[in-house]
Amino acid sequence: MSDYAVLTRDLHKSYRTRHGRQVAVDGLDLRVPRGGVHGFLGPNGSGKTTTIRMLLGLVRADAGRIRVFDHTVPRDLPEVTRRVGAIVESPAFFPAFSGRRNLSLLARAIGTPQVRVDEVLEATGLLDRGGDRFKTYSLGMKQRLAIAATLLKDPELLIFDEPTNGLDPAGIHEIRGTMRRLADEGRTVLVSSHILAEVEQVADTVSIVGRGRLLASGTVADVIGDRVGAVRVSVPDPDAAAQVLAGAGLAVRADGQALLVEGERDPGRITWLLGTQGIWLRELVTVRPGLESVFLELTSGQGLPTQPGMTPPAPGMAAVGAQDTAPPAGHGDGSAR
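Residues numbered from 1 in each chain as written. Predicted model: local features only at pLDDT ≥ 70, side-chain atom pairs only at ≥ 80, totals over all residues. Heavy atoms only, no water.

Note the cis peptide between valine 73 and proline 74, where omega equals 5°. Note on placement: proline 74 falls in the loop between strand E5 (71-72) and helix H2 (77-83). Positive phi, close to 65°, is recorded for aspartate 70, a residue that is not glycine. For arginine 211, which is not glycine, the phi torsion reads 55° and is therefore positive. Considering the arrangement of structural elements, one finds arginine 211 in the loop between strand E9 (205-210) and strand E10 (213-219). (Helix = DSSP H or I, 4+ residues; strand = E, 2+ residues; numbered from the N terminus.)

Okay, the pattern of salt bridges next. What the rule picks out here adds up to 18 salt bridges. The partner of arginine 116 in a salt bridge is glutamate 119, and the shortest N-O contact between them spans 2.9 Å. Here arginine 116 and its partner glutamate 119 are both found in helix H4 (residues 115-123), three residues apart, which amounts to about one turn of the helix. Taking the relative accessible area as the measure of exposure, arginine 116 reaches 16% and is therefore buried. (Salt bridge = Lys/Arg side-chain N within 4 Å of Asp/Glu carboxyl O. Buried < 20%, exposed > 50% of the residue type's maximum accessible area, 1.4 Å probe, protein only.)

Time to look at the packing of H4 against helix H5 (residues 139-151). Remark: H4 packs on H5, axes separated minimally by 9 Å, with the N-to-C direction vectors making an angle of 135°. Judged by the inter-axis angle, H4 sits oblique to H5. Classified by chirality, the crossing of H5 by H4 is right-handed. From H4, Arg116, Val120, Leu121 and Ala123 reach across to H5, where they touch Leu145, Ala148 and Leu151. Its residues assigned to classes, the contact of H4 with H5 comprises six nonpolar, no polar and one charged. (Axes fitted to C-alpha atoms, helices over the stretch in contact; angles between N-to-C directions. Parallel < 35°, antiparallel > 145°, perpendicular 65-115°, else oblique. Left-handed = near helix turned anticlockwise from the far one by under 90°. Contact = heavy atoms within 4.5 Å. Nonpolar A, V, L, I, M, F, W, Y, C, P; charged D, E, K, R; others polar.)

Purely geometric stuff here, so don't read any function into it on its own.
This is the structure in C-alpha cells:
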C-alpha cells in the first residue's frame with residue numbers, strides 16, 4: 001500500500017480558447033501523504049481547481065498519470081468515489097429545510113444509514129443547530145454543513161476547493177478547526193487555497209503551484225527551509241537608523257514606526273552597526289518567513305527553482321491513456337483555475 005493518498009505524475013491539461021490553447025496544468029507532479037492536512041496552494045489561475053477536477057474524474061487529463069489510494073483515475077473511478085468526499089462548488093441545500101433534514105434526504109438518496117446524520121452534525125459542530133433552517137445559517141455554518149454532507153459516506157479523503165472564500169474571520173477559524181479535527185481522526189484532507197498564510201496555520205504538508213507547475217512540496221518547515229526572514233527594529237530615530245543600515249548595504253523599509261531589515265542572518269550585526277553610531281535599540285525581533293513570502297520568492301522570476309523540500313516524481317504509476325480518459329458525461333466547464 002502506498003504512503004500517499006494522491007499521486008500525479010507529469011499531469012497536463014489545456015483548454016481551447018478564442019486566443020488559442022490555454023495551459024491550465026503543465027507537467028504537475030503532486031504527492032499528498034495519507035493522513036493530515038495537505039495544503040494545495042497557489043494564486044488564482046494556477047491550475048488548482050482543474051487538478052482537483054481531474055482527480056475526481058470530472059475533467060479528462062490530456063496526458064499524465066493519476067492515482068488515488070493506489071487506484072488509477074479515471075479507470076477505477078467507482079472505487080475511488082466510495083472513498084472520497086469533495087466540495088468543489090457551492091453545494092445546493094433546501095433553504096426552508098433544517099440542516100438535519102437536508103442531510104437526512106441526502107443520506108436516503110445515497111443509501112447511508114440515518115444514524116450518520118447526527119454523527120456528522122456532531123463532527124462538524126452543528127449538532128445543536130441541526131434543527132434550524134438552512135437559510136438562517138451563517139456562511140461558515142453553511143460551509144460546515146457542506147462538509148457534513150461529504151462525511152455521510154465516511155470518506156478516507158476529503159477534498160476542499162477554496163473552502164473559506166467569502167467567510168469572515170470567525171467562519172475561517174471554524175473551517176480551519178473542522179479540517180484539523182477531521183485530520184486528527186486519521187483522514188486525509190486536501191485543501192486548495194490562494195491564501196497561503198491562512199492554510200499555513202493548519203497544514204501538515206503543502207504543495208505550492210504556479211502556472212500549473214509544482215514549485216515546492218513537503219512539510220511546511222521543509223518548504224520554508226533556512227530562508228532568511230526580516231528583523232524588525234524599533235529605535236528612537238528611524239530615519240537615522242535607516243541611513244546607517246542602508247549605508248552598510250542592508251535592505252531597509254519602514255514598518256509603521258519601526259524598520260524591517262531584510263537579508264541579514266545575524267541580528268547582532270544590526271545592533272553593532274547602530275550602536276557604533278550612538279543609536280540604541282528599543283526592540284529587535286526576528287520575523288520568520290512564511291509560505292506567502294516563500295511563494296513570492298519562488299515566483300519572482302520566470303524559472304522554477306528546486307527547493308530542498310521538493311519531492312521527486314513518483315515511479316510505478318499507470319499512465320492515463322486514450323482508453324481510460326473519458327470523463328463522466330456533462331462535466332468539464334472549460335475553465336482553467
